[in-house]
Amino acid sequence: MSNLNKDILFLLFEELQDDSKSLFSCLLVNRLWCETVVPILWKNPWRFDYLNYKKKYYLFIIITLNISDETKECLLSQGIRLPSKLQYFPPLFDYLSFCRSINVNVINDIINIPSSSPYNRFLLQQEVYKLLMKKCPDFRFLDMRSMEHQLFYFPEATMRFELLSELKCDSSIDSIYFYGLARICHCIQNIIIFNTDTKVNRGIVKLIENQKNLKYFKWENDFDDYVEEDTYDEIFLALVKKSHTLTHFISSFREGSIYTFPSEILPELYNLKALKLNFHPIFDFYYDEKFSNSTYRNLETLQLCDYILINTVVCIIKNSGGHLRKISINSFDINYNFYEDSLILIQKIYECCPLIEHLSLTFPSSKIHFNEFEKLLRICKELRVLDMLDANVIEESQEMKLIYGENLSKVLNKVTPNNLREIRFCDYFKFSLKSLETFLENWKGSFQLSFLTSDHIYSKEEYLKLINKYKNDGVIKDFRCDFERNNVNF
């Protein structure tokens, strides 16, 4: 591998760009590897979560060594003393020339001067942003949360930001910043908004309207305050005009949120590949109605939180184009039609989702349901994660839960899905010690399985002994009893 040329190494290292520890270790192999890795690391040097005080200080040194002597003298006249170039060896690389990102919070944290006045901190931040504007060829990523400087009105702003492709922001930022961004940037593909305000930000509306190829939109509510019913409608309705390019729509609202977004936009977002909605704990049935009339022919990921009707999921599946790979549901709103609805759900999955890899499912312990579930396992050969949800229509006895667990293990052993790697379950069904051992013994020779459950019965000594035995035999990869479905990332 050490004989690979630089272009091939670059492609390999690009695949590791989210694995910073591996990339940092590659720096030490030889000069060629180092020269290849450095530009990848410096595309977004602010993103490494484990930046401690020492590493932040090194970044501060690298940044300030690039500031001109003339600027340093001006800062010194204001009482801001920066490291001298004479104190350090010249950098091996022109690091800032590789940078393609700005993260306001991290940069402000790195260049913070202890015991200095807010005005002096502002002056130094201003000079650092001017430096980045001059040294960095262009910016592809911007996290402008806590923005205080109007970067978009710097002389080089148009050239640097015109190719911006990803933006993170919060809704409390003054509209003027978004207007400045909207004037320059028309190619943003990903917009992630952390909502921290009870008022609409019309600068965000204008920014969305000005994009030519918006593909990814995420809205995350960061507070619980009461808002008027139509407060954010303008922002979400602006997305409808981008429905021909928008492929990912993700919306998350915190517990206690009464208003989310206008349900009438759902049928308009016809080009979606990923739809993720986290409404906790209230799911308005107007949304179920709109979903029933929506068609998503390109949908690959469906991820919904609490209290969604089984019929609603059935309608989405039925109107999809057969590309669904992930159906992740936190909990269904189960009603008196549970027996029939859950049967239809299983049937629609194996009829319309042959490529499914991650599946959340719930059904009662009946012979016909397990027969249909067996058929699903035989048809959906790509299934990797099976997430069995609680079907709390009635409080089942411990005996019934054990029967349910035994029936499930028998079907899994009978079909032995080739790609199944993970099973998640709650305490709606239980594996007795004997049925778990039979299941694991019959699973020998297949791929290792991971188990995630919220049932602490498997923490008992007799279960732990059995689990450890099959871990040593290579049947079980992991068995965790602390799984909380509410913590699934949206």
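Here we summarise the structure given alongside this text. A quick note: this is a predicted structure, and the numbers were derived from the prediction, not measured.

Rules used throughout
Residues numbered from 1 in each chain as written. Predicted model: local features only at pLDDT ≥ 70, side-chain atom pairs only at ≥ 80, totals over all residues. Heavy atoms only, no water. Axes fitted to C-alpha atoms, helices over the stretch in contact; angles between N-to-C directions. Helix = DSSP H or I, 4+ residues; strand = E, 2+ residues; numbered from the N terminus. Parallel < 35°, antiparallel > 145°, perpendicular 65-115°, else oblique. Left-handed = near helix turned anticlockwise from the far one by under 90°. Contact = heavy atoms within 4.5 Å. Nonpolar A, V, L, I, M, F, W, Y, C, P; charged D, E, K, R; others polar. Expected span 1.5 Å × (residues − 1). Buried < 20%, exposed > 50% of the residue type's maximum accessible area, 1.4 Å probe, protein only. Salt bridge = Lys/Arg side-chain N within 4 Å of Asp/Glu carboxyl O. Patch = residues over 30% accessible without salt bridge, like charges linked within 9 Å, V, L, I, M, F, W, Y side chains within 5 Å. Areas by Shrake-Rupley, 256 points an atom, 1.4 Å probe, with all protein chains shown as cover. Phe/Tyr/Trp six-rings, centres within 6.5 Å; stacked < 30°, edge-to-face > 60°. Lys NZ or Arg CZ within 6 Å of the ring centre and 35° of its normal. Core = buried A, V, L, I, M, F, W, Y, C linked by side-chain atoms within 4.5 Å.

**So, the packing of helix 1 (residues 6-14) against helix 3 (residues 31-41)**
Running from amino to carboxyl end, helix 1 crosses helix 3 at an angle of 45 degrees, the nearest separation of the two axes being 10 Å. Relative to helix 3, the element helix 1 is oriented oblique. The handedness of the crossing between helix 1 and helix 3 is right-handed. Here helix 1 contributes K6, L9, F10, F13 and E14 to the contact with helix 3, which in turn contributes L32, W33, E35, T36, V37 and I40. Residue classes in the contact of helix 1 with helix 3 are distributed as seven nonpolar, one polar and three charged.

**Digging into helix 14 (residues 338-352)**
For helix 14, with 15 residues, the first-to-last C-alpha span of 20 Å sits near the 21 Å given by 1.5 Å per residue. Summarising the contacts, the buried residues of helix 14 are in contact with helix 13 (310-318), strand 11 (332-333), strand 12 (358-361) and helix 15 (367-379).

**As for unusual backbone geometry**
Positive phi, normally seen in glycine, also occurs at S146, with a value near 70 degrees. Its location among the elements puts S146 in the loop between strand 2 (141-143) and helix 8 (157-161). Its relative accessible area of 38% is what places S146 among the partly exposed residues. Phi at T416 takes a positive value of approximately 45 degrees, unusual for a residue other than glycine. By secondary structure assignment, the location of T416 is in the loop between helix 16 (398-415) and strand 14 (422-425).

**Observations regarding the pattern of salt bridges**
Overall, the coordinates contain 21 salt bridges when judged by the stated rule. Measuring nitrogen to oxygen at the nearest pair gives 3.1 Å for the salt bridge that ties K135 to D94. Note that K135 is positioned in helix 7 (residues 118-135) and D94 in the loop between helix 5 (69-77) and strand 1 (101-103), a separation of 41 residues in sequence. Of the residues examined, D94 reaches a relative accessible area of 36% and is grouped as partly exposed. Each member of the salt-bridge network shares a partner with another, and the members are E441, K444, K469 and D473.

**Quick look at a nonpolar patch on the surface**
Nonpolar side chains collect at one region of the surface, where Y153, I176 and Y179 lie side by side and expose about 280 Å² of accessible area between them. As for its position among the elements, I176 is in helix 9 (residues 175-184). The class for I176 is partly exposed, based on a relative accessible area of 36%.

**Regarding the packing of aromatic side chains**
Taken as a whole and assessed by the stated rule, the structure comprises 26 aromatic pairs. Centroid distance F217 to F249: 6.2 Å. Interplanar angle 10 degrees. Geometry classified as stacked. One end of the pair, F217, is in strand 5 (residues 216-221); the other, F249, is in strand 6 (residues 248-253), and 32 residues separate them in sequence. Using a relative accessible area of 0% as the deciding quantity, one classes F217 as buried. Given a relative accessible area of 0%, F249 falls into the buried group. Here the aromatic rings of F439 and F451 are separated by 6.3 Å at their centres, their planes lie at 85 degrees, and the arrangement is edge-to-face. Of this pair, F439 sits in helix 17 (residues 433-443) while F451 sits in strand 15 (residues 449-453); the two residues are twelve residues apart in sequence, bridging distant segments of the chain. The pair F439 / F451 is uniform in exposure class, with both members buried. One residue, R421, lies across the ring of F447, its end atom 3.8 Å from the ring centre.

**A few points about the nonpolar core**
Soluble globular proteins: nonpolar side chains tend toward being buried together. In this structure, M144, F161, F217 and F249 are the most contacted members of the largest nonpolar core, which totals 149 residues. Other than its neighbours up to four places away in sequence, F161 contacts I102, M133, F139, L142, L151, F152, I184 and C185.

**Considerations on the packing of helix 10 (residues 202-209) against helix 11 (residues 233-240)**
Between helix 10 and helix 11, the shortest axis-to-axis distance is 9 Å and the interhelical angle comes to 5 degrees. When the interaxial angle is binned, helix 10 and helix 11 end up roughly parallel. Contacts from R202, I204, V205, I208 and E209 in helix 10 reach E234, I235, A238 and L239 in helix 11. For the contact of helix 10 with helix 11, the per-class residue count stands at six nonpolar, no polar and three charged.

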